Structure formats: structure tokens, C-alpha cells
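Examination of the molecular architecture
One-letter residues, chain by chain:
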Amino acid sequence: MKAYRGLPRLVARALASVDRPLLAHLVVTRRCNLSCAYCDEYDRTSSPVPFADLAERIASLARLKTAMVACTGGEPLLHPRLADVVREIRSRGMTTMISTNGHLLTRESIQMLNAAGLDVIQVSIDNLEPDAVSSKSLRPLEDRLRLLAELARFDVNINTVLGAGARPADALEIARRASEYGFSHTVGLVHHTGGALRPLSEEARSTYREIGKSSGALLHGFNHWLFQRRLIQGHECRWKCRAGARFLYVGEHGLVHWCSQRRDRPGIPLASYGVEDVRRSFRTRKACAPYCTLTCLHHVGALDGWRRQGRPDPWIAVPEA
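This section reports on the structure supplied with the text. What you see is a predicted model, and the numbers here were worked out from it, not measured in a lab.

Counting its secondary structure elements, the protein chain contains 10 helices and 9 strands. Looking at the protein chain as a whole, 56% of its 321 residues qualify as buried. Per element, the accessible surface of the protein chain, about 13500 Å² overall, is 52% carbon and sulfur.

Listed below in C-alpha cells is the structure:
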């Protein structure tokens with residue numbers, strides 16, 4: 001299995017201290033060029049977050065000793081200074097990632113991201129052809145995937161989904177094409193509002209297992225073993241979500257939230273977010289955790305999972321407020 005660039009840093013930070021965020025999602029614009037029916041993370045009107053504001057937030061994440069920053073949205077490629085944002089993250093010693101639908105990738109943008117030092121790009125593809133639910137489709141992206149295979153000096157991951165109407169045959173074809181291009185590929189589970197599981201059919205469960213065997217992404221294997229193998233069977237996961245601590249979601253207004261689906265709390269400005277906030281969120285039990293399907297949270301949970309196996313947490317757990 002392939003370890004993407006930045007994994008050694010994440011593992012080292014996981015072992016070193018629970019006070020350090022492992023991954024932060026930084027919203028650089030809420031605007032998106034697509035309008036997928038299931039998505040609640042975009043609009044069609046917002047302006048990009050000013051670069052000066054993003055630079056201040058990146059400095060705050062570095063102050064917290066964050067290991068990796070993922071630029072997200074909306075569609076981050078709509079930000080006119082995205083390459084500068086990547087360069088700023090790298091200058092602060094953090095690993096960089098972009099999560100995108102891929103439709104705006106061009107030869108020029110890939111070369112700019114190469115020059116900026118991007119580590120990883122994740123392209124989300126839901127189906128083969130656009131439909132009423134999702135426009136994140138393989139066919140319109142083939143030319144862009146070929147450009148990535150030809151030009152990208154950063155790691156490329158293709159992520160697809162299963163559940164809630166997503167076609168298993170499409171997911172298999174997307175995974176196959178990703179392998180042909182030499183990219184790693186992963187599969188996530190479609191969730192409803194709040195991030196909780198939508199049940200999978202037997203066909204989808206079988207497809208999930210088949211895709212997992214050829215994923216090529218190391219963290220996907222850990223994620224499957226610790227979380228998704230239970231979720232796809234309809235069982236809850238007994239784990240402690242570390243959102244707000246090991247994972248930070250920084251919205252377009254500069255507030256720290258638990259995740260994209262829990263933007264109701266804690267809602268603290270990143271500029272004033274400190275170790276005590278990290279510690280409080282680390283020990284807070286999240287009621288939504290047992291059926292959560294958000295792979296970014298599972299990934300940091302997998303890296304930190306040994307702390308919940310026969311070892312006490314460094315602080316007594318407190319219930320969700």
C-alpha cells in the first residue's frame with residue numbers, strides 16, 4: 001500500500017503529543033462551480049477568502065503545531081491565489097493538500113501547484129456521467145486526469161463514494177481508472193446531515209470490499225479495519241472522535257468547528273484557539289461519533305487509535321455539552 005507524502009509527519013505528531021492537531025481543513029472559498037444535490041458545503045455567490053486572512057490563519061495553525069493543512073471549499077481551485085496559499089503553508093513547515101472536484105484543473109494550474117510545492121491532491125469523483133445528484137463525474141474529467149498523470153509532481157488520490165443512490169458499478173470503474181493512471185484511490189460512505197451513515201446495500205458492501213483490496217492508500221487500510229468494516233455492516237464504531245483537537249475545520253469566517261457537518265460548535269476564532277481548547281475538544285465525547293462516516297476524522301483517529309486500546313486517555317472524558 002502507498003503512503004502519501006506527509007504521512008511520516010502525521011505519525012510522528014500522533015506519537016509525540018495529543019496537544020497538536022494532525023490535520024486541519026481550511027476553507028479558502030465557499031463558492032463552487034458545481035451544485036451537487038447532497039452537498040451542504042458550498043454556495044454560488046461567496047467571494048474567495050482574502051489571502052491576507054488566510055495567511056493569518058495559516059500562521060495560527062503553525063502556532064498550534066499542525067502537521068497537515070488541506071485547502072477545501074466549496075471548490076478551492078476558484079481561489080485566484082491558491083498557489084500562494086499552498087506556498088504559505090509549506091513555508092510554515094506544514095504538509096499541504098487540496099480537495100477538489102477537478103473540473104478546473106488545467107496544465108497551467110498543475111504547473112503552478114508543482115512550483116508551489118503541493119504535496120497531495122484529492123479529486124472527488126462520484127459517478128461516470130453527471131446525474132441529478134452529482135456532477136462530479138469521471139467522463140468529463142478524463143482529460144484532466146491525463147494531465148495530472150503527465151505533469152503532477154505531487155501525489156494524486158481519487159476518492160469515490162458508496163451509498164444513498166451511488167452506483168457500485170460506477171465506483172468500481174472509477175477505482176479501475178485511477179489505478180490505470182497510477183493514482184491511489186479510496187472510497188467513502190455517503191452520509192446524511194450530521195455526517196451519520198446511510199445504510200449500504202449488499203452490492204455496495206461487496207463493492208466496498210473489492211475496491212479496498214486494490215486501494216493503494218495506506219490510510220484506507222487502517223480506516224477500513226478500525227471503522228468502515230463495521231459501518232458498512234450497520235454497526236456502530238466505538239471510538240472517541242478527536243474533532244476540534246487532532247482535526248480542525250476552519251470555516252470561511254476563521255472560526256474553528258468540529259467538522260464540516262458540525263459547524264455549530266465550538267465556533268471559536270482560530271486566532272484565539274489554544275492548547276486548552278485542543279485539550280477540551282480532545283476529551284469531549286461527540287454524540288454523532290458512533291455512526292460517523294467522515295474519513296478525515298477516521299484517518300486521524302486511526303493514527304491516534306492506540307491511545308484507546310487498553311490505555312487511558314490523558315484526561316477524563318467529559319460529555320458533549
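Still more to cover.
Here the focus is the pairing of strand β6 (residues 184-189). Taken across its 6 residues, β6 has 6 buried, putting it largely inside the fold. Going residue by residue along β6, you find Ser-184, Thr-186 and Gly-188 tucked away on one face and His-185, Val-187 and Leu-189 tucked away on the opposite face as well. Taken together, the 6 bridges between strand β5 (residues 155-162) and β6 define a ladder with parallel strand orientation. Bridge pairing in β6 places Asn-157 opposite Ser-184.

Across the sheet, 9 strands lie side by side as β6-β5-β4-β3-β2-β1-β7-β8-β9; this open sheet has mixed pairing. Of all the strands in the sheet, the pair left with one neighbour each is β6 and β9 (262-269). Going across the sheet, the axis of each strand differs from the next one's by a mean of 25 degrees, ignoring polarity. Two elements, strand β2 (residues 68-72) and strand β3 (residues 95-100), share 4 bridges in a ladder whose sense is parallel. What sits directly across from Cys-71, in β3, is Ile-98. Across the sheet, helix α2 (residues 51-63) lies against β1 (23-27), β2 and β7 (247-250), angled at about 170 degrees from β1, the strand it touches most.

What counts, and where the lines are drawn
Residues numbered from 1 in each chain as written. Predicted model: local features only at pLDDT ≥ 70, side-chain atom pairs only at ≥ 80, totals over all residues. Heavy atoms only, no water. Helix = DSSP H or I, 4+ residues; strand = E, 2+ residues; numbered from the N terminus. Buried < 20%, exposed > 50% of the residue type's maximum accessible area, 1.4 Å probe, protein only. Areas by Shrake-Rupley, 256 points an atom, 1.4 Å probe, with all protein chains shown as cover. Pairing = 2+ DSSP bridges. Axes fitted to C-alpha atoms, helices over the stretch in contact; angles between N-to-C directions. Contact = heavy atoms within 4.5 Å.

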